[in-house]
Amino acid sequence: MARTYLVVIDDSPEARVALRFAARRAAKTDGEVDVLAVVEPQDFVQWGGVQAAIEEEQRLRIEGIVAASVGEIMNAAGITPEIIVRQGDPVAAVRGHIGTREDVAALVLGAAPSGKPGPLVAHFTGHDAGKLPVPVMIIPGALSDDQLEILS
């Protein structure tokens, strides 16, 4: 069974660095990449079709981020990432995904080069540190492509 690196993606530069790290790591270990995007729940959606359209728009946006950030790495390695869009709490989405997949080898998160850590980094390295069944890899958001290549 191939090892899968789970990356939680948003519009931040550090998330893209984490994605590039995971893609390089997967390419070097014959692994796979799962890209998880979490959509904030809408306060009120009267029609289910509207919610489906919001999720599809998010999926297309994430596919664009993946293609722009790591398309060449994925293509060279023959990796097709699985893109998962969930609605709700990001921590619950991460736990839910990892809980249903035995092949997830690590959770890969990007850390901002300055300021407070994001909510997922703070959660999984703080109170809940050590409670996931997989390692958590925190990738510094300021790493260059050359540094990523060496580390991955």
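Structure: above.
Within every chain, residues take consecutive numbers counted from 1 along the sequence as written. Totals for whole chains, interfaces and linings use every residue, but because this is a predicted model, local features are given only for residues with pLDDT of at least 70 and side-chain atom pairs only at 80 or more, for both listing and counting. Heavy atoms throughout the structure, all of them, feed into the side-chain values; hydrogens and water do not.

**Here we look at the overall build of the protein chain**
Part 1 of the reasoning: Helix and strand definitions here come from DSSP, where helices need a minimum of 4 consecutive H or I residues and strands a minimum of 2 consecutive E residues; each element is numbered from the N-terminal end. Secondary structure assignment for the protein chain yields five helices and five strands.
Part 2 of the reasoning: Mapped in sequence order, the helices and strands of the protein chain form the string β-α-β-α-β-α-β-α-β-α.
Part 3 of the reasoning: For 152 residues, the compact-globule estimate of 2.2 N^0.38 gives 15 Å, and the C-alpha radius of gyration of the protein chain, at 15 Å, lies within 12% of that figure.
Part 4 of the reasoning: Projected onto its principal axes, the C-alpha coordinates of the protein chain cover approximately 50 × 35 × 35 Å.
Part 5 of the reasoning: Out of the 152 residues in the protein chain, the part that is buried amounts to 44%.
Part 6 of the reasoning: Here, residues are in contact when the closest pair of their heavy atoms is within 4.5 Å. Once local pairs closer than 6 in sequence are excluded, the contacts in the protein chain between residues at least 24 apart make up 79%.
Part 7 of the reasoning: A total of about 8,000 Å² of accessible surface is found on the protein chain, and carbon and sulfur atoms cover 53% of it. The globule rule used here is 2.2 Å times the number of residues to the 0.38 power, and the radius of gyration it is set against is calculated over C-alpha atoms. Three exposure classes are used, based on accessible area relative to the maximum for each residue type with a 1.4 Å probe and protein chains only: buried under 20%, partly exposed in between, and exposed over 50%. Calculation of accessible area relied on Shrake-Rupley with a 1.4 Å probe; when residues are assessed, cover is drawn exclusively from the protein chains displayed.

**Thoughts on the sheet that holds strand E2 (residues 32-39)**
Part 1 of the reasoning: Strand order in the open sheet made by the five strands is E3-E2-E1-E4-E5, with parallel pairing throughout. Unpaired on one side and paired on the other, strand E3 (82-87) and strand E5 (136-140) mark the two borders of the sheet. Here the average twist between neighbouring strands, direction ignored, is 25°.
Part 2 of the reasoning: Strands qualify as paired when DSSP identifies two bridges or more between them. Bridge analysis of strand E1 (residues 4-8) against E2 gives five bridges, and the strand direction is parallel. Interaxial angle, 0 to 180 degrees, is taken between N-to-C directions of lines fitted to C-alpha atoms, where a helix line uses only the stretch in contact.

**With respect to the pattern of salt bridges**
Part 1 of the reasoning: Any Lys or Arg side-chain nitrogen located within 4 Å of an Asp or Glu carboxyl oxygen qualifies as a salt bridge. Within this structure, the stated rule accounts for eight salt bridges.
Part 2 of the reasoning: Of the charged contacts in the structure, one is a salt bridge between aspartate 34 and arginine 101, with a shortest N-O distance of 2.7 Å. One end of the pair, aspartate 34, is in strand E2; the other, arginine 101, is in the loop between helix H3 (90-100) and strand E4 (104-111), and 67 residues separate them in sequence. The residues aspartate 34 and arginine 101 share a single accessibility class, namely buried.

**With respect to the layout of surface pockets**
Part 1 of the reasoning: The distinction between a cavity and a pocket rests on a 1 Å grid over the protein atoms alone: a 1.4 Å probe fits inside a cavity but cannot get out, while a pocket stays open yet meets protein on both sides within 12 Å along at least five of seven lines, and a residue with an atom within 4 Å of a point counts as lining. Grid points are joined across faces, edges and corners, and a volume is the space filled by probe spheres set on the points. Taken as a whole, the largest pocket spans an internal volume of roughly 380 Å³.
Part 2 of the reasoning: In terms of lining, the largest pocket is formed by 21 residues, of which the most central are Val8, Asp10, Ser12, Pro119 and Leu120.
Part 3 of the reasoning: Those elements giving two or more residues to the lining of the largest pocket turn out to be helix H1 (13-29), helix H2 (48-77), E4 and helix H4 (119-125).

**Observations regarding H3**
Residues spaced three or four apart along an α-helix face the same direction, because each turn holds 3.6 residues.
Part 1 of the reasoning: For H3, the complete set of buried residues consists of Val91, Ala93, Val94, His97 and Ile98. The arc that holds the buried residues of H3, viewed along the axis, is 165°, so those residues lie on one side. With respect to the buried face of H3, the exposed residues turned more than 90 degrees away are Gly99 and Thr100.
Part 2 of the reasoning: Among the structural elements, E1, E2, E3, E4 and H4 are those in contact with the buried residues of H3. Arc, as used here, means the arc of the directions from the helix axis to the C-beta atoms.

**Focus on the pairing of E1**
Part 1 of the reasoning: Counting buried positions along E1 gives five out of five residues, so the element sits mostly inside the fold.
Part 2 of the reasoning: Of the two faces of E1, the one holding Thr4, Leu6 and Val8 and the one holding Tyr5 and Val7 are both buried throughout.
Part 3 of the reasoning: The handedness of the E1 to E2 crossover, carried by H1, is right-handed.
Part 4 of the reasoning: As paired elements, E1 and E4 share four bridges and run parallel to each other. For the handedness criterion, the strands are oriented away from the viewer, and a crossover whose path from the first strand over the helix to the second runs clockwise is classed as right-handed.

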